[in-house]
Amino acid sequence: MNAITAWMERYFVPLAAKIGAQKHLVALRDAFIGTMPATMAGAIAVMINAIVRDLPAKFFPGYDGSTVPVVKEIISVNGFVWNGTLAIVGIIFAFSWGYNLAKAYKVNELAGGIVSLAALIQGVGFSFSSTTAVKLSAAAAKAINGTTATSGMSYADGTLSAGGWGWLKLGFLDGNAYFVIMVMGALATIIYAKLMLKEITIKMPDTVPPAVAKAFTAIIPAAVALYVTAIIYYLFSITLGKNGDVMITWVQKTIAEPFMNIGQSLGAILLVTFLVSLMWLFGLHGSNVMAPVLEGIWGVGLLKNSNVYQAGGMKAVKKAIEAGNGDAYMWVRNSFDSYAWFGGVGGTITLLIMILALSKREDYRVVAKLGIGPSVFNINEPVMFGLPIVLNPIFFIPFILAPLAGVTIGYAATAWHLVDPIVTTVPWVVPPFLMSLMATAYDWRAPIVTLVSFIAALAIWAPFVIAANGTKDAD
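Residues numbered from 1 in each chain as written. Predicted model: local features only at pLDDT ≥ 70, side-chain atom pairs only at ≥ 80, totals over all residues. Heavy atoms only, no water.

Enquirer: In this structure, what is going on with the overall build of the chain? I would like to understand it.
Expert: Each helix and strand in the chain was counted, giving 22 helices and three strands. C-alpha extents for the chain along the principal axes are approximately 95 × 70 × 40 Å. Relative to its 475 residues, the chain shows a buried fraction of 49%. (Helix = DSSP H or I, 4+ residues; strand = E, 2+ residues; numbered from the N terminus. Buried < 20%, exposed > 50% of the residue type's maximum accessible area, 1.4 Å probe, protein only.)

Pasting the structure below:
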C-alpha cells in the first residue's frame, strides 16, 4: 500500500493537480456553477409541479391538476419559471461560459459573456420548413394559398408546405446547445481575449467615462471574434449542413448523443466514480476536478430529463429513455448524489455511523461527533481532512469501494425499472433519502434504493473501522 501511495503521489497527484488548475477547465467548471441560480429555480418549479400535478395522480386515478382551482394557477406560474430557466439554459450557459473565460484571461468579463452568447445565437436556425402530402379540396387550397404571406403555408400539387423566418426553436436554446457553445463560445471568447491582451482596440481619451471606454475598447476584438465564428457557421452551412441542419443539430446527432450514450454504460460511470474518489484520497477536490465531465455529460442529461418531464411527465421520460433518441437518459448527474455520494463523496456519513457504533479510538469518535451534522447535508470536508481520510491507507479501499457499490445498486435499480429515473435537479445539500425522493419526482421507491446502497456502504466501511482500532491504543 505504501508503494502504491508513493507512486500515486509522484505521478498521479501532480497530473490531477495540473488538470484541476488548468484555467480553461476551471472556467468551464465555474460556468456550470454560474448557471445554478437559474437551473435551481427551474428545478424548484419542476419539483413543485411534480407535487401538485403528478404526485396526486399516483394515488387518485383520473386526477388532473390543470383543472383544479389554485393548482392550475400554480402549474402555470411554474411554467413561466421553466420558460426563463431550463427551457433556455443553453443561452444562460453561453453567457456564463464567456464570462468565466474572459475572467480567466483577465479581460472584460461582461463583454466576454456577450461575445459567447452572440456566438451561440449566430448558429441557431431562424427559419423552418416542412412539407406533407395531403389531398385538399380546391376551396381549402385556395383559402390556404390566400394566407401564405401571413401564415407561411401554401398548397400545390397535393403537397402542403409550411415555412417561416424569425422563429427560434427551444431545442436549440436548452441543454442541446452545450456542446456547440463549449467550442464556439470558447473560440470566440479566446479570440476576443487575445486581441484585448494585445491591445488591438479602439483607444479612447481619458476624459471618456469608464463604462463607455470599456464598451468601445471591446468593439474590434469582439467584431473579429464574431466574424471568425460566423465564417465557420457559413462554411458548415454549405458543407455538412447543406441538407438543412444547423451546427447544433449536427453536433447533437453525430457527436453529443454517441458521447452521452457512452456515459450511460456502467463501465464509464464506475470509472468516473473511481476517479473522483481517488482524487479526494490525495487531497484534491475530485468533484470539482471532474466537474467538466460530470456536468458536460450527466448534467446535460439531467437537463434533458427535466425538460421532457416538464412537458409530458414521467411516462414521457421513460418512453424517451426506451426510445434511445437522446431526449432523456437513465443515469444523470443527481444519480451519483442520490445513490452513492450520501454524506459526500465516499458515502462518508456511513463511515461516521460505523465509527460511532464500532470505533474504540477516541480521536475518531470526536471527529465523527463533530462531522455527523455537516455530513447530513453532504458536507464532508471536516471528515476528509479532520479524521483524516486523505492519505489514510486504512480507509483507502472502502472510500473507493463504497461509492462503486452505491452506483452499481442505483444503476441496476433504474435499469430494471425498480425505481423511476431522476428527472430534476436537487441542491447537493439536501439530506440523503430526501434527495433521491425529490430527484425522482417523489417516487417512494427511490429512498428504498438509497437505503440499500446505504446498508452496502455500512457493510463495506465496518471491517475497516474495526481494523483501525488496532492502529492506536484506545483511550
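Enquirer: Looking at this model, I keep getting lost on the nonpolar core. Mind explaining?
Expert: Soluble globular proteins: nonpolar side chains tend toward being buried together. Grouped together as the largest cluster of nonpolar side chains are 125 residues, with contacts concentrated most on Phe 93, Trp 97, Leu 351, Leu 387, Ile 389 and Phe 395. Counting residues per element, this core draws most heavily on helix 9 (residues 178-197), which supplies 13 residues. The residue makeup of this core includes at least three contributed by each of domain 1 (1-30 + 265-474) and domain 2 (91-125 + 168-260). Leave out the neighbours within four places in its chain, and Phe 93 touches Leu 28, Ala 31, Phe 32, Thr 35, Tyr 178, Ile 181 and Met 182. (Core = buried A, V, L, I, M, F, W, Y, C linked by side-chain atoms within 4.5 Å. Domains from an automatic or database assignment. Contact = heavy atoms within 4.5 Å.)

Enquirer: Looking at this model, I keep getting lost on the layout of surface pockets. Mind explaining?
Expert: Empty pockets left among the atoms are what a rolling probe the size of a water molecule brings to light. One number sums up the size of the largest pocket: a volume of about 820 Å³. For the lining of the largest pocket, the elements supplying multiple residues, two or more each, are helix 2 (23-34), helix 3 (36-59), helix 14 (286-289), helix 15 (291-323) and helix 16 (333-339). Across the lining of the largest pocket, the residue classes tally to 16 nonpolar, eleven polar and five charged. Put simply, the second largest pocket is a space of about 480 Å³. Along the wall of the second largest pocket there are 25 residues; nearest its centre are Lys 169, Gly 171, Asp 174, Asn 176 and Asp 327. Sorting the residues of the lining of the second largest pocket by element identifies helix 12 (247-262) and helix 15 as the ones contributing at least two each. Split into classes, the residues belonging to the lining of the second largest pocket amount to eight nonpolar, eleven polar and six charged. Lining the lining of the second largest pocket are residues from two domains, each supplying at least three of them: domain 1 (1-30 + 265-474) and domain 2 (91-125 + 168-260). (1 Å grid on protein atoms, 1.4 Å probe; cavity = no way out; pocket = protein on both sides within 12 Å on 5 of 7 lines; lining within 4 Å. Points joined across faces, edges and corners; volume = space filled by probe spheres on them. Nonpolar A, V, L, I, M, F, W, Y, C, P; charged D, E, K, R; others polar.)

Enquirer: I'm lost on the pattern of salt bridges in this one. Help?
Expert: When the charged atoms of two side chains lie near each other, side chains of opposite charge can form a pair. According to the stated counting rule, one finds eight salt bridges in the structure shown. The partner of Glu 295 in a salt bridge is Arg 333, with the nearest N and O atoms 3.3 Å apart. In this pair, Glu 295 sits in helix 15 while Arg 333 sits in helix 16, placing the two residues 38 residues apart along the sequence. A relative accessible area of 25% places Glu 295 in the partly exposed class. On the basis of relative accessible area, Arg 333 is assigned to the buried category, the value being 14%. A salt bridge links Lys 318 to Asp 420, with the shortest nitrogen-to-oxygen separation between them at 2.7 Å. You can see Lys 318 sitting in helix 15 and its partner Asp 420 sitting in the loop between helix 20 (396-415) and helix 21 (434-439), a full 102 residues away along the chain. By relative accessible area, which is 34% here, Lys 318 ends up partly exposed. Connected through shared salt-bridge partners, Lys 318, Asp 420, Asp 443 and Arg 445 make up one network. (Salt bridge = Lys/Arg side-chain N within 4 Å of Asp/Glu carboxyl O.)

Enquirer: Explain the packing of aromatic side chains here, please?
Expert: The way to describe two aromatic rings as a pair is by their centre distance and the angle between their planes. In the structure shown here, the tally under the stated rule is 17 aromatic pairs. Taken together, the ring pairs in this structure connect Trp 298, Trp 331, Phe 336, Tyr 339, Trp 341 and Tyr 411 into an aromatic cluster. The cationic tip of Lys 23 hangs over the ring face of Tyr 105; the distance from NZ or CZ to the ring centre is 3.9 Å. Residue placement shows Arg 361 over the ring face of Tyr 364; its charged tip is 4.0 Å from the ring centre. (Phe/Tyr/Trp six-rings, centres within 6.5 Å; stacked < 30°, edge-to-face > 60°. Lys NZ or Arg CZ within 6 Å of the ring centre and 35° of its normal.)

Enquirer: What is the right way to look at helix 15 in this model?
Expert: An α-helical turn contains 3.6 residues, so any two residues separated by three or four positions project in the same direction. Its 33 residues place the ends of helix 15 only 28 Å apart at the C-alpha level, less than the 48 Å of an ideal helix rising 1.5 Å per residue. For helix 15, the principal kink sits at Gly 312 and spans about 130°. A positive phi of about 65° marks Gly 324, the residue just after helix 15. (Expected span 1.5 Å × (residues − 1). Bend = angle between axes of the 7 residues up to and from the residue.)

Enquirer: How should I be thinking about the environment of Leu 434 in this particular structure?
Expert: Locating Leu 434 in the fold gives a position in helix 21. Note: C-alpha distance between Leu 434 and Pro 447 (13 residues apart in sequence) is 7.1 Å.

Enquirer: Teacher, can you tell me more about the environment of Met 330 here?
Expert: Tracing the backbone shows Met 330 in the loop between helix 15 and helix 16. Exposure remark for Met 330: the relative accessible area of 14% places this residue in the buried category. For the pair Met 330 and Phe 454, spaced 124 residues apart in sequence, the C-alpha separation works out to 21 Å. Residues in contact with Met 330, not counting those within four places in the same chain, are Gln 264, Ile 321, Ser 335, Tyr 411, Thr 414, Ala 415 and Pro 421.

Enquirer: What exactly am I supposed to notice about the pairing of strand 2 (residues 153-156) here?
Expert: Regular strands place their side chains on alternate faces of the sheet. In terms of strand pairing, strand 2 meets strand 3 (residues 159-165) through four bridges, oriented antiparallel. Considered in strand 3, the bridge of Tyr 155 is made with Leu 160. With antiparallel pairing between neighbouring strands as the criterion, strand 2 and strand 3 make up a hairpin whose turn holds two residues, including Asp 157 at a positive phi of roughly 55°. (Pairing = 2+ DSSP bridges.)

Enquirer: Looking at this model, I keep getting lost on the side chain of Ser 116. Mind explaining?
Expert: On the secondary structure map, Ser 116 appears in helix 6 (residues 109-122). Here the side chain of Ser 116 touches Ala 94 through a polar contact of 2.7 Å, landing on its backbone oxygen. For Ser 116, the contacting residues outside a window of four places in its chain are Ala 94, Trp 97, Gly 98, Ile 181, Gly 185 and Thr 189. (Polar contact = N/O pair within 3.5 Å; in protein donor to acceptor, adjacent residues only side chain to side chain.)

Enquirer: For this particular structure, what's the right way to read a positive patch on the surface?
Expert: A contiguous patch of positive charge, built from Lys 23, Lys 106, Lys 194 and Lys 198, is present on the exposed surface. As for its placement among the helices and strands, Lys 23 is situated in helix 2. Residue classification places Lys 23 among the partly exposed positions, given a relative accessible area of 36%. (Patch = residues over 30% accessible without salt bridge, like charges linked within 9 Å, V, L, I, M, F, W, Y side chains within 5 Å. Areas by Shrake-Rupley, 256 points an atom, 1.4 Å probe, with all protein chains shown as cover. Lys, Arg positive; Asp, Glu negative; His and termini not counted. Charge placed at Lys NZ, Arg CZ, Asp CG, Glu CD.)

Enquirer: Can you walk me through the side chain of Asp 443 in this structure?
Expert: Mapped onto the secondary structure, Asp 443 falls in the loop between helix 21 and helix 22 (445-468). Taking relative accessible area as the criterion, Asp 443 reaches 3% and is therefore assigned buried. At 2.8 Å, the side chain of Asp 443 forms a polar contact with the backbone nitrogen of Asp 420. Beyond its immediate sequence surroundings of up to four residues, Asp 443 is in contact with Lys 58, Val 419, Asp 420 and Leu 437.

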